[in-house]
Structure formats: C-alpha cells, structure tokens
Number of protein chains: 2
Amino acid sequence: MSAVVIHDPTLRDGQHAVRHQLGVAALRGYAQAADAAGVPVVEVGHGNGLGASSLQAGRAAVSDDVMLSTVREALSTSRMGVFMLPGWGTSDELRKAVAHGTDVVRVGVHCTETSLAERHLEFLREQETEAHCVLLMSHMATPEELAEHAASAVGYGAQAVGIMDSAGHFLPGDVGERIGAMAAAVDVPVIFHGHNNLGMAVANSVAAAEAGARIIDGCARGFGAGAGNTQLEVLVPVLERTGFTTGIDLYALLDAAEFAERELMPAPPVTGSLSIVSGLAGVFSGFKHQVLDHSARAGVDPRDVFFELGRRQAIAGQEDLIRDVVAELSEKAGA
Amino acid sequence: MSAVVIHDPTLRDGQHAVRHQLGVAALRGYAQAADAAGVPVVEVGHGNGLGASSLQAGRAAVSDDVMLSTVREALSTSRMGVFMLPGWGTSDELRKAVAHGTDVVRVGVHCTETSLAERHLEFLREQETEAHCVLLMSHMATPEELAEHAASAVGYGAQAVGIMDSAGHFLPGDVGERIGAMAAAVDVPVIFHGHNNLGMAVANSVAAAEAGARIIDGCARGFGAGAGNTQLEVLVPVLERTGFTTGIDLYALLDAAEFAERELMPAPPVTGSLSIVSGLAGVFSGFKHQVLDHSARAGVDPRDVFFELGRRQAIAGQEDLIRDVVAELSEKAGA
C-alpha cells in the first residue's frame, strides 16, 4: 500500500471556469470542507497563479492577499498551496505568498523550459518554503526529455517535480511511460495533474500512481475550464481501491464536492466538441475563445483550426498563430 | 486495425435521465444526426426496453409503435436496435419490433440468468432478426461464469453476447479479464456497455476493445441516468487513436452530440455522490430514489445504505431489501 498525497487545486484551476470570480465566502467554505476531509494540500489563487489578475488574463474577484489570508484562516490541518507562472508572477508575489504562510509553492513552466523556474525555486528554498516544479503541455516532450527536465528542476531545488496534461491529450499508456521515466530519474516525489478532455483523467491518474507518481491533483467535480480536471471525489476512492492510501475521509470529501457544486460553479464541467478536438489535437484549450472568434469571422471550421494548430505544435503564448492558421485555411477554402 | 461496431443507445438508455419523455422531434432529430455520422446501430425505446412503459417503470411520452416508426423512418444507413428485458417485454413486443423493421434486438438478463433469454433468442432467430444477449450487473459474476453464460446464450441463438457494467463498478483490469474470458469462449462478437460512475467508462471501453470486444456502446454526451454511460463522441476518436476503426465521421458525430445536448437533455450527466457510492458499492443506481426516500424517513445516511446493499449483493428487482437495510441501520444507530 503506497501513500499518495492528494493536491487539490479546486480554488485555483477551477477559477478558469468562472473567470476568476470566486469570492471570499466560496473560498472559505470550500477550504473548510476540504480541510475537514483531510485533503493534504488546498491550492488557491487566480487561475493563472500569483500575480495573474489583469485585464488580459481576467481580473479576479478578490486580490491574492485576500485569497491567501482567507484560505490560510480556514485551514486547520490541510497545507496551503499556490501556483505561479514566471512572468505572471514575480519574486515579489512569492515573497508575499511566503509571508501569508503558504506551505507549498508550485512553479509552472512549459515542459522544455525548466530553466525559467531556476531563480524562483532557489528563492523558495532560501525561504524554507516547499518548492515544486510542474511541466506544462507535457505531451509535447518525450519521456526522456521530461526525465532530463525533472532532474534539472531538482538541481534548482524543486522538492517535487511533475507534469500537467495541459491539453488533456494523454491516454493512460502515455502517462505511465512519462511518469515512469521521471520517477527513475529523480529522488523526489513525482506529480501528475490531469485534464478530462478525452474522458481519461481518472484512468490517467491511476496510471500515474501505478508508474510511481506520489502527488496527484484532483478538483471537486472536476471543476476547471472546458472538460475540467480530474474529479477529486472519484479519484480518491478509485486510488484506494487500486491499492493506494490517501488518508482522506470519503464521506467528508463527497460533502466538500457537493458544497463545490452548489457554491462554486454554475454547473460541473461538460466535455463539449472543442474540448474533445483540442484534446485530440494536443492544443491548450485556453485558445478556445480566440479560435472561435477568428474562425467565425473568416467562415472556417474551428475544429480544423485546432487540428492545424496541433500539427504546428502551437504552445500557450503563441496565440498569434491562430490568426495565421485561420487565414491560411480560409484562403485554401476560397481557392 | 481491428474494426469495432459502435452501438448507440442514446435514445433508449438516455430515456432514464428524462423519465422516458423524449418526444417525436427529439427522436427523429437525433436518429438523423447519428445516421449522418455513420453510427452503425441506433437503439430506441423506453429506458427499460420494449413494453416497459408503465406506472411502475414510468410512462413514456410516446408509445413503442411511435418510437420505432419514427426512428425507422429517420435512418437511411444506420440499423435500428431495440432492447428488451424479459418480463417487461414479451414475445408480442418482439413481434411488433420485427414488424417495424428492427434490425437488432438485444435481450438483457441478470448475469447469471441467461436461460431467461432462451425463448426470446430462439424466436428472433426464427424471424431472421439479429439477436444479441447482454448480461446485466456483470461485476457480480466471475470471468469464468460470464464465459459460461455467454456460451449458453450463443447456444440459444445469440449472434453477439456481452456485458453491461450496470452499477458502474468496473475498473479497466476487471473489464479486460471478463471480456477476454468471454471472447475466448464464443465465436460471436462480444459486447461491452459501460457506465461512468467511477469516471472509467471510456477507459473501460478501450480495455474491452483491447481484450477482444467488437461491439461497444456509447451515448451522446454520456446521456443516461446518474453518472451516465460512455460518452460516444469521446469514445470514437479515442478508439481510433488506440488502433481501432469505427467507420464513423468525427465532425458529424460531434454535431450529433451537440444536437443531443441541446434537444434531448436538460443538462449532461453529472457524477454526484450517490453515483460514486453506488458504483463503489456495486449496486444498481436505479435504487437511488427509494434509498433516498427510506433513508430520509429513518434518519440514516443513504451512503451507508448503498454500501450495505452492496455487501448483501442486492440486484435489480430486490428493491424490498432497501427497507430491510434502512430499518437495521436505523436500529443500530438507535441502540
């Protein structure tokens, strides 16, 4: 019976589904409910992490300061986590998070850009705050590349390192291979964070645990943009049935999820056409609104745009490619 | 590249989610959309199958006759399927279905009661209508028992035989073992029909295909009671990516699913607490309303009732056990 540490980003990744509008009562209520269930880490923040509240990424309903102090106060035994993407977040935000008593900070970078996390990971170690590094869009790198980047992150000071299936592209075999390679390359816990675009979030998470992942993410009702994340209250009993221990109380966890469904979200995530297509294409689903927008104006099928972006290996931050692809598809159709 | 035949019970199993209230326009519209996508079999009927419209099982909005003639007329290349549970349906209903030009009839029986299907399977063979036999609540039988019952069904004339994960209890390994044993025991195609209580419907269906299943069920958006069925428009591309061919057009299938979400259901299925608990306990989720009802009156936790029903191996039709279990739990709590 191996132990798996559940990391719960409901109050951070879920924000994407509600344009970062979770208020104080929702944050406090869910944090208390997760704490009562014995969830080890409760992550909070703007969907894009510390310092990301802005016109471009969407203004959050409450400031980082208020989010952190609210959740800090609500937790008795659960640890508090935050997420940061270098660029959106800076050392100033990290300092603030540490001052608020954050227990775990995750620094996220594109899967081949670990060096961007170096300075932040080193800073966190100096502050004696637990530092994780997570590799985004991890289907775009081979198991060997991910193992190398994991080792680099550990060299910078990461005390856990892992992958996010940001596009929801993986099937269980893909996950097992990657987690296995990373677990063999580092001595720290390996993290897996799934998305449900292909209906595989729970199965992928179990495959991750079986391949050696020891920190696994899940959100209440899968709360998250598009198809959502791994459904936490399903993941936990399935892991337990598969032979892992989580230390979480099932009934209290089910209650927390009911609170989340009632108080956090208009409705639980649905796997719609563009979630499926972006998952198949391996494209970040956050491109959705811009793809829909440009496609409609040019009269091209947004599904074709996603598949073409996938062929070109577009990554988050390369939204400019959308207009190029739409223009080319539109020309081809007219030709 | 093995071929898998997709069987689509959206217009039958989905009825459970809307108290069997699908009307003519919805039936026609979805059947046309599935037909346009090249879905091989479109199943229609009351949720409990032919002849089940009644006060006890719920009255359907339209009669079997209207359902069958509507879908028959809407299909150009897809074949029409129906479902029947001996007891709800009789030979009279089978005769009617044959007269309406039904191409495939599925006779469903509890996983250890194949002999109940004998007469109906024989009758269908006499009528030269394709006859399938599906074993319900199949987690309650061992792979060896299922293989034996599959062989019996083929002896009675079944031209395909398979299992339904009626309680949504299986994990992929469970499915692979059972389908593998059945595929080794019979020369006809083996069927798998999943439910999503543990988030595993797609993963279980892929495991089934890999173990030799050649007919797999999926519903648009997973339309079905509680946690719903396997999401068809996710299943198809995932099967194709895994190396199986379905012959279905992905874009047209996505369009059919959007029609279904808009016109057939108030909202896509959500995996709530009692879906999870009934899946873990291995109890038919159709017990839900009675469990909630009796539990509320006696002041016991409905989740405890589901787990205790699971321990007692309650099967569909044994709803009387619910009151016994509730009374005993209530006494224990009071003692």
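Here is what the cut-offs are and how they apply
- Note that residues are indexed from 1 along each chain, following the sequence as it is written.
- The naming scheme follows written order: chains are lettered A onward, ligands numbered 1 onward.
- Only residues with pLDDT of at least 70 get local features here, since the model is predicted, and only at 80 or more are side-chain atom pairs given and counted; chain-wide, interface and lining totals rely on the full set of residues.
- Side-chain calculation: all heavy atoms of the structure are included, whereas hydrogens and water are not.
- Runs of E in the DSSP output that reach at least two residues are strands. Runs of H or I that reach at least four are helices, and both are numbered from the N terminus.
- Throughout, exposure labels follow a simple rule: accessible area from a 1.4 Å probe, protein chains only, divided by the maximum for the residue type, with under 20% read as buried, over 50% as exposed, and the rest as partly exposed.
- The patches reported here contain residues having more than 30% relative accessible area and no salt bridge. Joining distances are 9 Å for like charges and 5 Å for nonpolar side chains (Val, Leu, Ile, Met, Phe, Trp, Tyr).
- Values of accessible area rely on a 1.4 Å probe in the Shrake-Rupley scheme; residue burial ignores everything except the protein chains shown.
- Take a side-chain nitrogen of Lys or Arg and a carboxyl oxygen of Asp or Glu: if they are within 4 Å of each other, that pair is a salt bridge.
- His is not counted here, nor are the chain ends, while Lys and Arg score as positive and Asp and Glu score as negative.
- Here the site of a charge means NZ on Lys, CZ on Arg, CG on Asp, or CD on Glu.
- For Phe, Tyr and Trp, rings pair up if their centres lie within 6.5 Å, where Trp contributes its six-membered ring, and each pair is then called stacked (planes under 30 degrees apart), edge-to-face (over 60) or tilted (otherwise).
- Placement of a charge over a ring requires the Lys NZ or Arg CZ to be within 6 Å of the ring centre, with the centre-to-atom vector within 35 degrees of the ring normal.
- The pairing criterion for strands is at least two bridges between them, as found by DSSP.
- Interaxial angle, 0 to 180 degrees, is taken between N-to-C directions of lines fitted to C-alpha atoms, where a helix line uses only the stretch in contact.
- Any two residues whose heavy atoms approach within 4.5 Å at even a single point are treated as in contact.
- Angle categories: roughly parallel below 35 degrees, roughly antiparallel above 145, roughly perpendicular from 65 to 115, and oblique for all the rest.
- Take the far helix as your reference; a near helix turned counterclockwise from it by less than a right angle gives a left-handed crossing, and one turned clockwise gives a right-handed crossing.
- Residue classes follow a fixed rule: Ala, Val, Leu, Ile, Met, Phe, Trp, Tyr, Cys and Pro count as nonpolar, while Asp, Glu, Lys and Arg count as charged, and any other residue, Gly among them, counts as polar.
- The copies were overlaid with a least-squares fit restricted to C-alpha atoms from residues scoring a pLDDT of at least 70 in each copy.
- UniProt positions are given in the numbering used here, feature names are shortened, and annotations may be inferred rather than shown by experiment.

### Considering the side chain of T70 of chain B
1) Next: Note on placement: T70 of chain B falls in helix α3 (residues 64–74).
2) Next: You can call T70 of chain B buried: its relative accessible area is 9%.

### Some details on a negative patch on the surface
1) Next: A cluster of acidic residues, E144, E145, E148 and E177 of chain A, forms a negative patch on the protein surface.
2) Next: Within the secondary structure, E177 of chain A is located in helix α7 (residues 172–185).

### Some thoughts on unusual backbone geometry
1) Next: Backbone geometry at M137 of chain A places phi at a positive 50°, although glycine is not the residue there.
2) Next: Here M137 of chain A is to be found in the loop between β6 (130–136) and α6 (143–156).

### Concerning the packing of aromatic side chains
1) Next: In the structure shown here, the tally under the stated rule is four aromatic pairs over all chains.
2) Next: Between F284 of chain A and F287 of chain A, the aromatic rings sit 6.2 Å apart at their centres with planes inclined by 85°, giving edge-to-face as the arrangement.
3) Next: Judged by relative accessible area, F287 of chain A falls into the buried class, the value being 0%.
4) Next: Above the ring of Y251 of chain B, the side-chain terminus of R303 of chain A is found at 3.9 Å from the ring centroid.
5) Next: Lying across the ring of F83 of chain B, R12 of chain B places its NZ or CZ 4.1 Å from the centre.

### Notes on the sheet that holds strand β2 (residues 5–9) of chain A
Residues and elements named next belong to chain A.
1) Next: Taking strand neighbours around the barrel as the criterion, the eight strands line up as β2-β3-β4-β5-β6-β7-β8-β9 in a closed arrangement whose pairing is parallel. Neighbour-to-neighbour, the strand axes of this sheet turn through a mean angle of 25°, independent of strand direction.
2) Next: In this sheet, strand β3 (residues 41–44) lies alongside β2 in parallel orientation, the contact comprising two bridges. In the strand pairing of β3, H7 is matched with V41.
3) Next: α7 rests against β6, β7 (160–164) and β8 (190–193) of the sheet, and its axis sits at about 155° to β8.

### A word on the packing of helix α7 (residues 172–185) of chain B against helix α8 (residues 201–210) of chain B
All names here are of chain B.
1) Next: At a closest axis distance of 8 Å, the pairing of α7 and α8 adopts a crossing angle of 30°. In terms of orientation, α7 lies roughly parallel with respect to α8. Our pair here, α7 against α8, has a crossing hand that is right-handed. Counting all contacts with α7, which are made through P172, V175, G176 and I179, the residues of α8 involved are A203, N204, A207 and A208.
2) Next: Residue composition of the contact of α7 with α8, grouped by class: six nonpolar, two polar and no charged.

### A look at the sheet that holds strand β3 (residues 41–44) of chain B
Sheet strands line up and pair through hydrogen bonds in the backbone, either parallel or antiparallel.
All names here are of chain B.
1) Next: Pairing is parallel around the closed barrel formed by eight strands, whose spatial order is β2-β3-β4-β5-β6-β7-β8-β9. Pairs of neighbouring strands in the sheet enclose a mean axial angle of 25°, with direction left out of account.
2) Next: Packed onto the sheet, α7 meets β6 (130–136), β7 (160–164) and β8 (190–193) and runs at close to 155° relative to β8.

### A look at the relation of the copies chain B and chain A
1) Next: Under the fitted operation, chain B is carried onto chain A by 0.0 Å of movement along the axis and a turn of 180°, and the coordinates agree to an RMSD of 0.0 Å. Taken together, the rotation and translation describe the operation of a two-fold axis. In terms of C-alpha distance to the rotation axis, chain B has A203 of chain B as its closest residue, with the C-alpha 3.2 Å off the axis.

### Points about the UniProt feature "site: Transition state stabilizer" (unreviewed entry) in chain A
Residue and element names in this part refer to chain A.
1) Next: According to UniProt, the positions carrying the feature "site: Transition state stabilizer" (unreviewed entry) are R12.
2) Next: Residue placement: R12 occurs in helix α1 (residues 10–13).
3) Next: Classification of R12 by relative accessible area gives buried; the value is 3%.
4) Next: With near-sequence residues (within four places) excluded, R12 lies in contact with E43, V44, G45, H46, G47, G49, F83, M164 and H193.

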